[in-house]
Each structure stands twice: as C-alpha cells, then as structure tokens.
Amino acid sequence: MPVDRPEGVPLPVDVRDLLSDTEVSLVEEFAARHVSARRRRQHEYAFAAFQRWCALRPVEALPASPRDILRYLHLHRDRWGWGQMWGVVAAISFMHLEAGLLDATREGRIREYLSAVRRSKGRYVEKKQMDAIRTEDVAAMARTLGAASPDVARVRFVIAILYATGTDRLADVLDSGRLRIQLHDDAARVSIGTRRGILDDLTPGALAAVCEFTSSGEHLTKTDQTGLESQIGDAWARAGLPGSWSKNLSRLAPADLQWLLANAEPGYHETARAVAYLLVGHALGRRHAEMANLLLCHLTERPGGWQVLIAQSKTDPHGRGETLPLDHDDDNGLDCDTICGACALEALLEVHLRCHGRSLADSARIFPADLASGARWSTAQAARFLRTWWAETGLDPEARIGTRGIRAGTATSLSEREVPLIDISQITLHRNLTVLLRYIRRYDPVRWHYHLPV
Ligand SMILES: [Zn+2]
Ligand SMILES: [Zn+2]
C-alpha cells in the first residue's frame, strides 16, 4: 500500500521508470516509514498541542474529524506562517498513519482550505505578517531609548552647574547648603556663594538637565565625589574634547557643552542612531534597504527641516530618485518635541561629524551597521535591534516585529488619521494603491495587534 505523506519526496522519474508498480509502492512505503527521530519529535510536539486543544473542546484527537482539524487550523491562521501550518497538518497526518488510521488530513475540504491559505501566506506572499509599528509605538520607543538613567541625569546636572557657575571645585556643587537654583519659565538661575550663572535657551541641554534633576527631587548629599569625578571624566573622553575637564567648564562653547551633556550617557552614539532610525524611518515610511543606503549627500537642509533624497527604491530601481520632506514638528525647529524626526536626524549628524570630522565623506552612510566602520547595516541586524527596543519599551510581547513594520506603521498611522490614500502614497511612494493597501494594518480586537485584514 503506497503511503502518501505531506513530506514524502517523489522518486526521480528516470528511477521510477525502471521499477514495476509493486516495486514503486514498496520503495514509497519504506521511504515513508523512514522518518528521522528529530522529525518524529517535531510531529509529536505539534500533535500534542492539537491533542490539548481537542481535550478542551472536548473532541476526539485520534482519529480527528476533518471538521475539527479545519477549525483548529483556521483558529490559528492568523498566528501561523504557511510553513508552520503545513507542519501541523503533517504531524496530524503522521500520527493518524502511525496509529493505523485513515489520514484525515487528505479530506477535500482541508486540501481546499490549505491551498487557499497558501495563496495568501505562501512563499511569494509576505513570509511573515509583521505587526505595524505605529506612531505611538515609535514615540514610546524613542522616549525609552532617550530617557536618562538617574545616574546619567545626575552627571548632566553637575556638568550644567559647573558650566553655569564657572567653579572648578566639585565639592562646591555638592554642598547643598550653598547651591541655590531658581527655576523660571525659560531659564534657571544658579548660584554657589558669590558665583552666579544663568542657563537659558542658548544651552537647552543644560537647562533641561537642571529642570529634570530638580523636579525629580533628587539631591546630591552623600554623592560619592570621586565616582562623580570619574564619570564626568569618562563623558569628556567619550565626547573627544581636547584636554581634561578639570579646567573651568564655563569656557566651553555652547555646542561643546551640548555634546558633553549628551555623552554623559555611555551609549549615546548608539542611542542617537536608534532614535533617528525610528523617527526618520517612521516619518518617511522607508524600507530598511532605503535607510541603509541613505548617504550624507542625499540630505539637504532647508527652512523648517530637511529634504531627503531616496536615490533608489524597490518601486523605482533605475529612477532618478524621489525627494521627501522631513520637517521639524515645530515650525522653526527651536521648540520641537523629543520625538521630532528632523531633530533626531540632526543629533545623529552631529555624532557623525564629531566622530569623523573633516574626514566625513559625502558618500558616508547615515545609518551604518556601526558608526566607526560605516559598514552597511543589514536588515537582520536592524530587526534584532528593533525587537530589543520594542521589548525594552514594554510593548506587546506577542507582536511580530521586523523592519517592515516601520513602513507598515507609517501607512497605518496615516490612514488612522484619515489621510486620503492618495496622499499616503505620496509619502510611501507607492504607484499601486493595491500594494499600499497591504501596508495598512487593521486593529485586531482579539489579539490587540495590528495585522493585515484577514
Ligand atoms: Zn525638530
Ligand atoms: Zn500580532
């Protein structure tokens, strides 16, 4: 009796021609029996899940009715890729044959269902349907990545005070009896004894550091002075500023102060790339490949933000490219939110400039795999980062996160804001609206995810 299994490999035609029908049947039967131990364990594992599902109904798992198999498959259709669903069918088939039962998965309705699923989930369709990474998700991730730890906030605060008062004695700053801070709407007055200074919008980073530290109610008593000293020294070294910090910080140029404050966070360069990748990618709705291929010469500053040239894309492989606007979320860029794409891009450009200075070439990648080598950033690497940021932000652990989710998130969020499809296509650069529709994910009220409509 020939045993037909989903994973059975047919005999090559030239071999088959040499054999009689009986011999062919025998060969096929032996081949079907020869299931590797690993394969068997996979089948048993997949079947055990099906059995548990059946036990809860309760319905018979062995033999299973085609109707229950169909229900089981359809219930999980949204969660499983094509390969996984096929593995489940193979497992149910295998266990039935092992038990000497008829293979229930051969039933016509199941075959029809599988071929319908294959049309929507098979190899030529999106391999896995990624969840959309929407505006809210991008903002939450950018805020988490950009948030300073209490330790970093303290170092920034001390740097700001040293700058404002011009003292070079750390002990003065830590003397809570002498340090006085008055916060106003857009400035902070700082004094230690007779030394006074003001922090305002010329030094926004220092002002923010003082406001944040003061409002969090943190105090400096019992702070370890030596530890603090070496932390500021480390920030100075990471910032690559000449000399050593022990001199008077008030002599720093505002731009250098800003840069030193940023580098109080040990992983600042990495953070700047991460935040810009999320915010620029979301604002422009780009694919990872287009982000990875973005070069310094593709960026042009203009009033209110930037002009970004997408030199080449999947929909425009040989074209002259398309330019997309990347605007500050505040008209003049002075009062932007922390989740402004143009500001994030500028912060990343500052990192590039500071790291490479005059050697920064026009052909430098904006989003390289690492900032030192400038090598191309692969989709797989970026996806791993994306999943880490997603998890660190505490977003839905069940969501399927990949780089494609960024572009899908742009389209989905715009559509949720009721932006007309034709206007969305101006951003995503889709010529074909049917293709664009595939990027617009619908909210799934059962799983609380954003998926393609099923
Ligand atoms: Zn901005
Ligand atoms: Zn989901």
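Rules and cut-offs
Residues numbered from 1 in each chain as written. Chains lettered and ligands numbered in written order. Predicted model: local features only at pLDDT ≥ 70, side-chain atom pairs only at ≥ 80, totals over all residues. Heavy atoms only, no water. Core = buried A, V, L, I, M, F, W, Y, C linked by side-chain atoms within 4.5 Å. Buried < 20%, exposed > 50% of the residue type's maximum accessible area, 1.4 Å probe, protein only. Domains from an automatic or database assignment. Contact = heavy atoms within 4.5 Å. Pairing = 2+ DSSP bridges. Helix = DSSP H or I, 4+ residues; strand = E, 2+ residues; numbered from the N terminus. Axes fitted to C-alpha atoms, helices over the stretch in contact; angles between N-to-C directions. Expected span 1.5 Å × (residues − 1). Arc of directions from axis to C-beta. Donors = N, O, S within 2.8 Å, 3.2 Å for Na, K, Ca; no water. Phe/Tyr/Trp six-rings, centres within 6.5 Å; stacked < 30°, edge-to-face > 60°. Lys NZ or Arg CZ within 6 Å of the ring centre and 35° of its normal.

1. Quick notes on the nonpolar core
Ranked by size, the top nonpolar core spans 85 residues in total, and within it Val158, Leu199, Leu249, Leu260, Ile366, Phe367 and Trp389 carry the most contacts. Mapped onto the domain boundaries, this core takes at least three residues apiece from domain 2 (149–262) and domain 3 (268–279 + 295–370). Beyond its immediate sequence surroundings of up to four residues, Leu249 is in contact with Ile159, Leu162, Tyr163, Trp236 and Leu260.

2. A closer look at the sheet that holds strand S4 (residues 299–302)
Remark on secondary structure: sheet strands pair via backbone hydrogen bonds, oriented parallel or antiparallel. As summarised here, the arrangement of the 3 strands in space is S4-S5-S6, forming an open sheet in which the pairing is antiparallel. At either margin of the open sheet sits one strand with a lone partner, and together these are S4 and strand S6 (322–327). Sheet twist, expressed as the mean angle between neighbouring strand axes with direction ignored, is 25°. Of the strands in this sheet, strand S5 (305–310) and S6 are in contact with helix H13 (residues 268–284), which crosses S6 at around 120°.

3. Some thoughts on helix H3 (residues 37–56)
Along its 20 residues, H3 runs 29 Å from first to last C-alpha, staying within 8% of the 28 Å computed at 1.5 Å per residue. Taken together, the buried positions of H3 are His43, Ala46, Phe47, Phe50, Trp53 and Cys54. Looking straight down H3, one finds that the buried residues subtend no more than 105° of arc, so they occupy a single side. Those residues of H3 that are exposed and aimed more than 90 degrees away from the buried face are Ala37, Arg38, Arg41, Tyr45, Arg52, Ala55 and Leu56. Of the surrounding secondary structure, the elements contacted by the buried residues of H3 are helix H4 (66–75) and helix H5 (82–98).

4. With respect to the coordination of the zinc ion (ligand 1)
Each donor-metal-donor angle would ideally measure 109.5 degrees in four-coordinate tetrahedral geometry, or 90 or 180 degrees in six-coordinate octahedral geometry. At the metal site, the zinc ion (ligand 1) is ligated by His328 (ND1), Cys336 (SG), Cys340 (SG) and Cys343 (SG), and these contacts range over 2.0 to 2.2 Å. Mapped onto the sequence, the donors of the zinc ion (ligand 1) take the spacing H-x7-C-x3-C-x2-C. Since its relative accessible area comes to 25%, Cys343 is described here as partly exposed.

5. Here we look at the packing of aromatic side chains
Going through the model one piece at a time under the given rule, you end up with 13 aromatic pairs. Their ring planes at 65° and their centres at 5.9 Å tell us that Trp377 and Phe385 sit as a pair that is edge-to-face. On the numbers, 5.8 Å between centres and 45° between planes, the contact of Phe385 with Trp389 is tilted. Here the residue Phe385 and the residue Trp389 both occupy positions in helix H16 (residues 379–392), the gap between them amounting to 4 residues, near one helical turn. On the basis of relative accessibility, which here comes to 5%, the residue Trp389 falls in the buried class. Three or more aromatic residues joined by ring pairs form one cluster here, namely Phe47, Phe50, Trp53, Tyr72 and Trp80. Directly above the ring of Tyr439 sits Arg407, whose terminal nitrogen or CZ lies 5.0 Å from the centroid.

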